[in-house]
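Understanding the architecture of this molecule
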Amino acid sequence: MKDLIRAHAGLLIAGVATFVMMGAGQSLYGPALPAFSRIFAVSEAQAGVLVSAHWVGCFLGVAIMYLRGAGITPRHALAAMALGAAAVAALAGWWATITGAVIFGLGYGLSTAVFNPRVLRAFGRRGPSMLSLLNATFGVGAIAAPLIFVALGSDPRLSFGLTAAFAAAIWLFAGPAGREGVAQQAEVRTFRPHWGIMAFGAVAIGLEASLIGLGPTALIRAGVAEKTAAELLSAFFVVFLAARVVLIFFAHRIAPFLLYTLAVGAAAACALGAVFVSPSIFFVAMGASAGLFFPGFYVTASGKMGEDIRVPPTIIASGLVGGIGAPLVLAPMMAGMGDRGFFWIVAGVTLVLTAAAVLSLRRMKV
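A brief report on the enclosed structure follows. (Residues numbered from 1 in each chain as written. Predicted model: local features only at pLDDT ≥ 70, side-chain atom pairs only at ≥ 80, totals over all residues. Heavy atoms only, no water.)

Time to look at the overall build of the chain. Scanning the chain from terminus to terminus reveals 14 helices and zero strands. The order of α-helices and β-strands along the chain, N terminus first, is α-α-α-α-α-α-α-α-α-α-α-α-α-α. Relative to the compact-globule value of 21 Å for 366 residues, the chain shows a C-alpha radius of gyration of 19 Å, a close match. Judged by the C-alpha coordinates and their principal axes, the chain covers about 55 × 45 × 35 Å. The 366 residues of the chain split such that 58% are buried. Contacts spanning at least 24 positions in sequence make up 85% of the contacts within the chain whose residues lie at least 6 apart. Element-wise, carbon and sulfur atoms account for 69% of the exposed surface of the chain, whose accessible area totals about 14000 Å². (Helix = DSSP H or I, 4+ residues; strand = E, 2+ residues; numbered from the N terminus. Rg over C-alpha atoms; globule rule 2.2 N^0.38 Å. Buried < 20%, exposed > 50% of the residue type's maximum accessible area, 1.4 Å probe, protein only. Contact = heavy atoms within 4.5 Å. Areas by Shrake-Rupley, 256 points an atom, 1.4 Å probe, with all protein chains shown as cover.)

Set out below in structure tokens:
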């Protein structure tokens, strides 16, 4: 294992730094939505469009990877994220800010589709564990960013400006990573879309996007102060990170779709806890489930769909369908469902998803 890490150190270091920055950038939207609402004089539901704009950009990024994946490197992805975060930080107008979120999301989507398959491929049998490590580092940035946002006076300009600077700094050192873990033509096998696992992925990633992007607003509606909601989002990502760190040691020992099923079942239990007991405590606890959705889904889908170069962007695109649509649907719904309406919705979706996953366990073996 040590030899593998030394052999692919450039890929791993660039991937870790990029995923830290991705976590920071994505987690800023949730606590920043009330500020964007005030700055641009739009409703909270309208401000939630920024979350979907980010995911639209992600979808465009993976579409580019599908069409031109062989020519895309980590530096392309980092350049897009730096430009997008800088455009959001400029606060040049509502539509300019939405455009910035799309561009940032585009780079985010490129990064996801560049690094995940390369790391999974480069580390062979240990690939699922290293994939968990890579995605765990997302949580480091996601924990820090809301706390930094509060420390900077809840100012989106400064917070997204720092994200842009971080992306630019990583870009300077990411050149060698572009040569590692690239799919070789001889490795390519049949392209086999698997609609079942992609549907499971779409729902799970939609839930993850909604928890991150709309969770702080839902907490505020439930009576939590803005500053406390931002701090709770950081705590959510502490649990998110802890779950992914633990997974590093077990990912190669547990069936990936069983992991997915356990994650959505735990999310259902936590959502009910948020409705009936404490939104604050059980929102934070749902970070563990959110941290396990993607690894369980991605590894299952990779096993089902083969190693064609089009597979990774297709898998990620299926998740992004949920990431784009769920916040757009949930933001207006939660506005008319009382102070815990968001958690009622999450409970209903995860209970149905858990039942469907249990019934599909045999068919999803890889």
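Here the narrative resumes, following the displayed structure.
Each pair of aromatic rings is reported with the distance of its centres and the angle of its planes. Under the definition given, this model contains 18 aromatic pairs. Note on Phe257 and Tyr260: the rings are 5.2 Å apart at their centroids and 10° apart in plane angle, and the pair reads as stacked. With Phe257 and Tyr260 both in helix H11 (residues 256-276), this residue pair falls three residues apart, about one helical turn. Residues Phe257 and Tyr260 agree in their burial class; the two are buried. Members of the aromatic cluster, connected to one another through ring pairs, are Tyr29, Phe36, Phe40, Trp94 and Phe160. Sitting over the face of the ring of Trp171, Arg75 holds its NZ or CZ atom 4.3 Å from the ring centroid. (Phe/Tyr/Trp six-rings, centres within 6.5 Å; stacked < 30°, edge-to-face > 60°. Lys NZ or Arg CZ within 6 Å of the ring centre and 35° of its normal.)

Attention now goes to the layout of surface pockets. Volume-wise, the largest pocket comes out at about 480 Å³. What lines the largest pocket is a set of 26 residues, among which Leu120, Pro128, Val299, Ser302 and Gly303 lie closest to the centre. The set of elements that each furnish at least two residues to the lining of the largest pocket consists of helix H6 (94-122), helix H7 (127-151), H11, helix H12 (279-305) and helix H13 (311-335). Per-element tally for the lining of the largest pocket: the top contributor is H12, with six residues. In terms of residue class, the lining of the largest pocket is made up of 15 nonpolar, six polar and five charged. Taken as a whole, the second largest pocket encloses approximately 180 Å³ of empty space. In terms of lining, the second largest pocket is formed by 14 residues, of which the most central are Ala24, Ala145, Ile148, Leu162 and Thr163. (1 Å grid on protein atoms, 1.4 Å probe; cavity = no way out; pocket = protein on both sides within 12 Å on 5 of 7 lines; lining within 4 Å. Points joined across faces, edges and corners; volume = space filled by probe spheres on them. Nonpolar A, V, L, I, M, F, W, Y, C, P; charged D, E, K, R; others polar.)

Attention shifts here to H12. The end-to-end C-alpha separation of H12 is 38 Å, in line with the 39 Å expected for 27 residues at 1.5 Å each. The sharpest bend along H12 comes to roughly 25°, located at Ala288. Across the 27 residues of H12, 21 count as buried, placing the element largely inside the fold. (Expected span 1.5 Å × (residues − 1). Bend = angle between axes of the 7 residues up to and from the residue.)

A few words on the side chain of Thr350. Topologically, Thr350 is positioned in helix H14 (residues 341-360). Among the polar contacts listed, one links the side chain of Thr350 to the backbone oxygen of Ala347, at a separation of 3.2 Å. Ignoring anything within four residues of it in the chain, the contact list for Thr350 reads Leu207, Val264, Ala267, Ala268 and Ala271. (Polar contact = N/O pair within 3.5 Å; in protein donor to acceptor, adjacent residues only side chain to side chain.)

The subject of this paragraph is the nonpolar core. Counting 121 residues, the largest nonpolar core has Trp55, Phe236, Phe237, Tyr260, Phe342 and Phe343 as its most contacted members. Beyond its immediate chain neighbours, meaning those up to four positions away, Trp55 contacts Gln26, Tyr108, Ile205, Ala209, Leu320, Gly323 and Ile324. (Core = buried A, V, L, I, M, F, W, Y, C linked by side-chain atoms within 4.5 Å.)

Take unusual backbone geometry next. Keep in mind that most residues, glycine aside, have a negative phi and that most peptide bonds are trans. Backbone geometry places Ala41, a non-glycine residue, at a positive phi of 55°. Note that Ala41 resides in the loop between helix H2 (9-40) and helix H3 (44-47). Residue classification places Ala41 among the exposed positions, given a relative accessible area of 70%. With a phi angle near 50°, Leu91 is a residue other than glycine that sits in the positive phi range. Position of Leu91 relative to the elements: it lies in the loop between helix H5 (74-90) and H6. A relative accessible area of 16% places Leu91 in the buried class.

Further remarks concern a nonpolar patch on the surface. A surface patch of nonpolar side chains, amounting to about 750 Å² of accessible area, comprises Val49, Phe276, Val277, Leu328, Val329, Met333, Met337 and Trp344. Position of Val329 among the secondary structure elements: in helix H13. Residue classification places Val329 among the partly exposed positions, given a relative accessible area of 45%. (Patch = residues over 30% accessible without salt bridge, like charges linked within 9 Å, V, L, I, M, F, W, Y side chains within 5 Å. Salt bridge = Lys/Arg side-chain N within 4 Å of Asp/Glu carboxyl O.)

Okay, the side chain of Thr300 next. The residue Thr300 is located in helix H12 in this model. Here the side chain of Thr300 touches Phe257 through a polar contact of 3.2 Å, landing on its backbone nitrogen. The residues touching Thr300, leaving out its near neighbours within four places in the chain, are Ile197, Pro256, Phe257, Met364 and Val366.

Topologically, Ala45 is positioned in helix H3. When the C-alpha atoms of Ala45 and Leu328 are compared, they prove to be 8.3 Å apart, with 283 residues separating the residues in sequence.

A few words now on the pattern of salt bridges. Going through the model one piece at a time under the given rule, you end up with two salt bridges. The salt bridge involving Glu226 is made with Arg38; its shortest N-O contact spans 3.1 Å. Of this pair, Glu226 sits in helix H10 (residues 226-248) while Arg38 is found in helix H2, placing the two residues 188 residues apart along the sequence. Judged by its relative accessible area of 38%, Glu226 is partly exposed. The class for Arg38 is exposed, based on a relative accessible area of 52%. Notably, a salt bridge pairs Glu231 with Lys227, separated by 2.6 Å at the nearest N-O pair. Of this pair, Glu231 and Lys227 are both found in helix H10, four residues apart, which corresponds to roughly one turn of the helix. Given a relative accessible area of 31%, Glu231 falls into the partly exposed group.

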